[in-house]
Amino acid sequence: MAVLLGTVLVSAAGARAAAAAGVVTISPLPGTPDASPSTQISFLGVPADQIRDVSVVGSASGRHSGRLEAYASAPGASFLLASPFNEGEQVKVSAVVGQGHDEQRTGTTFTVARLAHFDFTPMGAPPAGGPGTVQSFASRPELHPPAVRVTTRSPRTSDDDDVFIAANHGYGQWGPMIFERDGALVWFKPMPKGETAMDLRVEQYEGRPVLVWWQGNIAPLGVGFGTDYLYSSSYRPVARIRAGNGYWADLHEVKLTPAGSAFITAYSLVKADLSSIGGAREGALQDSLLQEIDVKTGLVMFGWHAYGHVAFSDSYSKRPFSQAWPWDFFHMNSISLDPSGDGDFLISARNTWAGYEIDHRTGAILWRLGGRHSSFRMGAGTGTAYQHDLRWQPDHTITAFDDGAVPKAHSESRAIHERIDWNDRTVSLTGRDVRSPGILTGSQGNDQVLAGGGSFVGWGEQPYVTEFSESGQTLFEANIPAPGESYRAYTYPWTGTPTSPPSVAVSPGAGETAMVYASWNGATGVSAWRVLAGPSPAQLAPIANAQKTGFETAIPVQSAAGDFAVQALGPAGQVLGTSPATAR
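Residues numbered from 1 in each chain as written. Predicted model: local features only at pLDDT ≥ 70, side-chain atom pairs only at ≥ 80, totals over all residues. Heavy atoms only, no water.

A.B. asks: What is the right way to read the environment of serine 73 from this model?
C.D. replies: The residue serine 73 is located in the loop between β5 (66-70) and β6 (76-81) in this model. Classification of serine 73 by relative accessible area gives buried; the value is 15%. Separated by 184 residues in the primary sequence, serine 73 and threonine 257 place their C-alpha atoms 9.3 Å from one another. Sequence-distant contacts of serine 73, defined by excluding residues within four places in its chain, comprise Ala259, Gly260, Ser261, Asp294 and Met301. There is a polar contact of 2.6 Å between the side chain of serine 73 and the side chain of aspartate 294. (Helix = DSSP H or I, 4+ residues; strand = E, 2+ residues; numbered from the N terminus. Buried < 20%, exposed > 50% of the residue type's maximum accessible area, 1.4 Å probe, protein only. Contact = heavy atoms within 4.5 Å. Polar contact = N/O pair within 3.5 Å; in protein donor to acceptor, adjacent residues only side chain to side chain.)

As structure tokens, this is what we get:
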């Protein structure tokens, strides 16, 4: 909401400078204290052919040459430098933007970061699973997702909607995973060795539903270094979203816009003076970054850094007593576009216990929700601690997953619904969902508001997903075995049609008996299976039909044939796909 209620620190002068620039926003924003040495200069808001006479001068590195490249999703362009800046130097940027009577010279000034370094070892291999902890399939022997246990399934919940998680940290393989309301696997993509997937969800890209998830390495610092992936409903790659300016995309958020851009989180390790809060003058800071990326070109359209906008003293994170460990004072973990359509957005900061509404044009903090310096009086039950997934809802209310730990600040985690009264500047609690028995989640978690007014809650570090009715009744719950977890969990209607063929395996029995196993990873339209058999792959004929049961259907047959295949059948008996033949 474009109502200025908060304050900013060193960015105040920067906000005024950006506002004076009219419709163009230049990143790095004025006053940024830790821009990347390899940053682009982003001009958002005017067509590329209305940007000229770009001047970029570093106080130590001097004048920089470069080239302008236009965005595909919005008016604007990035000036890509031919050489990087020096660490710690001051940079002045100016350009002429607009045309005719609207032409004006504008610019930005910022400081280049002095980089800090931290060596880390990526997560190890998943633990070996005991009985009942891992799924296995004869027709897909390379897939070993964690087992799913459904403990509550009310008739009031929709069996047409599947469950979307990204299983990690536990038994079996790690990766994005879709399963039905009875726990049957729909689709699973195992991660390469050493990599983890986070935050599988369905988004819209170019008018079509796509699967989106983050994939990469997770550091002990609690952040990710990787890439965001977009896959079609046929499970084929559509796009990859990488962070710009020398950073890696972080695991915490990727949010597509209707125009074709994406808001993502990233992290940077920089040297900073932490003496004001008991740290070293040459301390190591873990800064939280937000970038808007033009998906088609990969260019950075907009950037925002917590450092310089939020005071260190606002943090509830343990003070940086060790110079060897970077201090994570902010820890951005969600980005939510304002439903008013003005382009502003709400971010969540775990370690300040607050949300911040950010002006998309100036980068100024418009107001703060919770934390040490809330712009509103927080009503009973509205305060959060170490929260995640702060979201605008279409009716201008706000939801959050309130972890309440770690360290322990609340007795249990909860999903809450809040309303801001703009007239008297108060926040009231309008809804609250808790699990029974209650659990305390130390990290992660989300609250997806459903069309009927209920909520679908992922408990993050705790391996549960729960659907609540509008009145708070538990309609559905499932879990994977501990210590497994999923950063977030969602439920959606989903139609998947793989381009790869179905899979088949045959287990010979005594005499002419055999068991045929059929599956099709990701296919949602299969109602039944037809078994084909014959003396060779070129001479196959139907011998049996069976209704689909779960991810893999076991079909007993009587046949002396040497080769088998299966056909996936739709509701009307139509052939959807045929497997390659396999020998008995």
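A.B. asks: Even after reading the chapter, I still don't get the pairing of strand β24 (residues 365-370), so can you show me in this structure?
C.D. replies: In summary, the side chains of a regular strand alternate between the two faces of the sheet. Of all 6 residues in β24, 6 are buried, a share of seventy percent or more. Direction of pairing for strand β23 (residues 354-358) relative to β24: antiparallel, over a ladder of 5 bridges. If you follow isoleucine 358 over to β24, its bridge partner there is isoleucine 365. Between β23 and β24, which pair antiparallel one after the other, the connecting turn spans 6 residues, and glycine 363 there sits at a positive phi close to 80°. (Pairing = 2+ DSSP bridges.)

A.B. asks: Would you mind going over the pattern of salt bridges with me for this structure?
C.D. replies: Once their charged atoms are close, side chains differing in charge can pair, the charge on each being opposite to the other. This structure, assessed with the given rule, holds 23 salt bridges. Linking arginine 488 and aspartate 199 is a salt bridge whose minimum nitrogen-to-oxygen distance equals 2.8 Å. Taken together, the positions of arginine 488 in the loop between β33 (474-479) and β34 (490-493) and aspartate 199 in strand β13 (residues 196-205) put the pair 289 residues apart, joining distant regions of the chain. Taking relative accessible area as the criterion, aspartate 199 reaches 2% and is therefore assigned buried. Glutamate 206 serves as the salt-bridge partner of lysine 296, at 2.6 Å between the closest nitrogen and oxygen. Pair noted here: lysine 296 is in the loop between β19 (283-294) and β20 (300-305) and glutamate 206 is in the loop between β13 and β14 (208-218), with a separation of 90 residues, a long-range link. With a relative accessible area of 57%, lysine 296 lands in the exposed category. A single network of salt bridges, built from pairs that share partners, joins Asp199, Arg201, Glu203, Glu253, Lys255, Asp389, Arg391 and Arg488. (Salt bridge = Lys/Arg side-chain N within 4 Å of Asp/Glu carboxyl O.)

A.B. asks: In this structure, what is going on with the environment of leucine 346? I would like to understand it.
C.D. replies: Note on placement: leucine 346 falls in strand β22 (residues 345-349). Residues leucine 346 and serine 336, spaced 10 residues apart in sequence, show a C-alpha to C-alpha distance of 5.0 Å. Ignoring sequence-local partners within four residues, the contact set of leucine 346 consists of Ser334, Ile335, Ser336, Gly355, Tyr356, Glu357, Trp367, Leu390, Trp392 and Ile398.

A.B. asks: Help me out: how do you make sense of the packing of aromatic side chains in this one?
C.D. replies: Two descriptors summarise a pair of aromatic rings, namely the distance from one centre to the other and the angle between the planes of the rings. Taken as a whole and assessed by the stated rule, the structure comprises 28 aromatic pairs. Ring centres 5.9 Å apart and planes at 55° place the aromatic pair tryptophan 187 and tryptophan 213 in the tilted group. One end of the pair, tryptophan 187, is in strand β12 (residues 185-188); the other, tryptophan 213, is in strand β14, and 26 residues separate them in sequence. The residues tryptophan 187 and tryptophan 213 share a single accessibility class, namely buried. Considering the side-chain rings of phenylalanine 456 and phenylalanine 476, the 6.4 Å spacing of their centres and the 20° angle between planes classify their relative orientation as stacked. A residue pair is termed long-range when its members are at least 10 positions apart, and phenylalanine 456 in strand β31 (residues 455-458) and phenylalanine 476 in strand β33 qualify at 20 residues. Grouping residues by exposure puts phenylalanine 456 and phenylalanine 476 together as buried. Pairwise contacts between aromatic rings join Phe164, Trp187, Trp213, Tyr229, Tyr231, Tyr235, Tyr490, Tyr492 and Trp494 into one cluster. Positioned over the ring face of tyrosine 316 is arginine 372, at 3.9 Å from the centre of the ring. (Phe/Tyr/Trp six-rings, centres within 6.5 Å; stacked < 30°, edge-to-face > 60°. Lys NZ or Arg CZ within 6 Å of the ring centre and 35° of its normal.)

A.B. asks: How should I be thinking about the layout of surface pockets in this particular structure?
C.D. replies: A water-sized probe, rolled over the atoms, reveals where empty space remains. In this structure, the largest pocket spans a volume of roughly 710 Å³. Leu221, Gly222, Asp328, His331 and Arg350 are the residues nearest the centre of the largest pocket, which is lined by 33 residues in total. Its residues placed into classes, the lining of the largest pocket shows 15 nonpolar, 12 polar and 6 charged. Counted as a void, the second largest pocket has a volume near 600 Å³. Taken together, 22 residues line the second largest pocket, and the ones lying closest to its centre are Lys255, Arg391, Trp392, Gln393 and Gln448. (1 Å grid on protein atoms, 1.4 Å probe; cavity = no way out; pocket = protein on both sides within 12 Å on 5 of 7 lines; lining within 4 Å. Points joined across faces, edges and corners; volume = space filled by probe spheres on them. Nonpolar A, V, L, I, M, F, W, Y, C, P; charged D, E, K, R; others polar.)

A.B. asks: Looking at this model, I keep getting lost on the nonpolar core. Mind explaining?
C.D. replies: Soluble globular proteins tend to pack their nonpolar side chains together in the buried interior. Of all hydrophobic cores here, the largest spans 40 residues; its most connected members are Leu285, Leu290, Trp304, Phe330, Ile347 and Tyr356. Counting residues per element, the ones that place at least two in this core are β18 (261-272), β19, β20, β21 (332-337), β22 and β23. In terms of nonpolar packing, the next biggest core, distinct from the first, is built from 23 residues, Val212, Ile241, Ala262 and Leu289 among them. (Core = buried A, V, L, I, M, F, W, Y, C linked by side-chain atoms within 4.5 Å.)

A.B. asks: Sorry if this is basic, but what is going on with the sheet that holds strand β2 (residues 41-44) here?
C.D. replies: Across a sheet, paired strands are connected by hydrogen bonds in the backbone, their directions being either parallel or antiparallel. Read across the sheet, 4 strands follow the order β1-β2-β6-β5 without closing on themselves; strand pairing throughout is antiparallel. Every interior strand has two partners, whereas the edge strands, β1 (25-27) and β5, have only one. For this sheet, the mean inter-axis angle between neighbouring strands, taken without regard to orientation, is 20°. Strand direction decides the pairing type here: β1 and β2, joined by 3 bridges, are antiparallel. When the sheet's bridge partners are listed, threonine 25 is paired in β2 with leucine 44. (Axes fitted to C-alpha atoms, helices over the stretch in contact; angles between N-to-C directions.)

A.B. asks: Help me out: how do you make sense of the pairing of strand β41 (residues 575-578) in this one?
C.D. replies: Two strands pair when backbone bridges link them, and strand β40 (residues 563-569) and β41 are joined in this way by 3 bridges, in the antiparallel orientation. Pairing of glutamine 567 across the sheet is with threonine 578, part of β41. In textbook terms, the turn of a hairpin is the stretch between consecutive antiparallel strands, and for β40 and β41 this stretch comprises 5 residues, one of which, glycine 573, has a positive phi near 85°.

A.B. asks: In this structure, what is going on with empty space enclosed by the protein? I would like to understand it.
C.D. replies: Counted by the stated rule, this structure contains 5 cavities of 30 Å³ or more. For the largest cavity, the lining is made up of 19 residues, of which Pro28, Thr39, Asn245, Gly303 and His305 are closest to its centre. Of all the elements in the fold, those that place two or more residues in the lining of the largest cavity are β19 and β20. Top element by residues in the lining of the largest cavity is β20. It accounts for 5 residues. In the lining of the largest cavity, the residues fall into 9 nonpolar, 10 polar and no charged. Quantified by volume, the second largest cavity comes out at close to 90 Å³. Lining the second largest cavity are 15 residues; nearest its centre among them are Ile165, Pro463, Tyr464, Val465 and Ser486. Every element with two or more residues in the lining of the second largest cavity is listed here: β32 (464-468) and β33.

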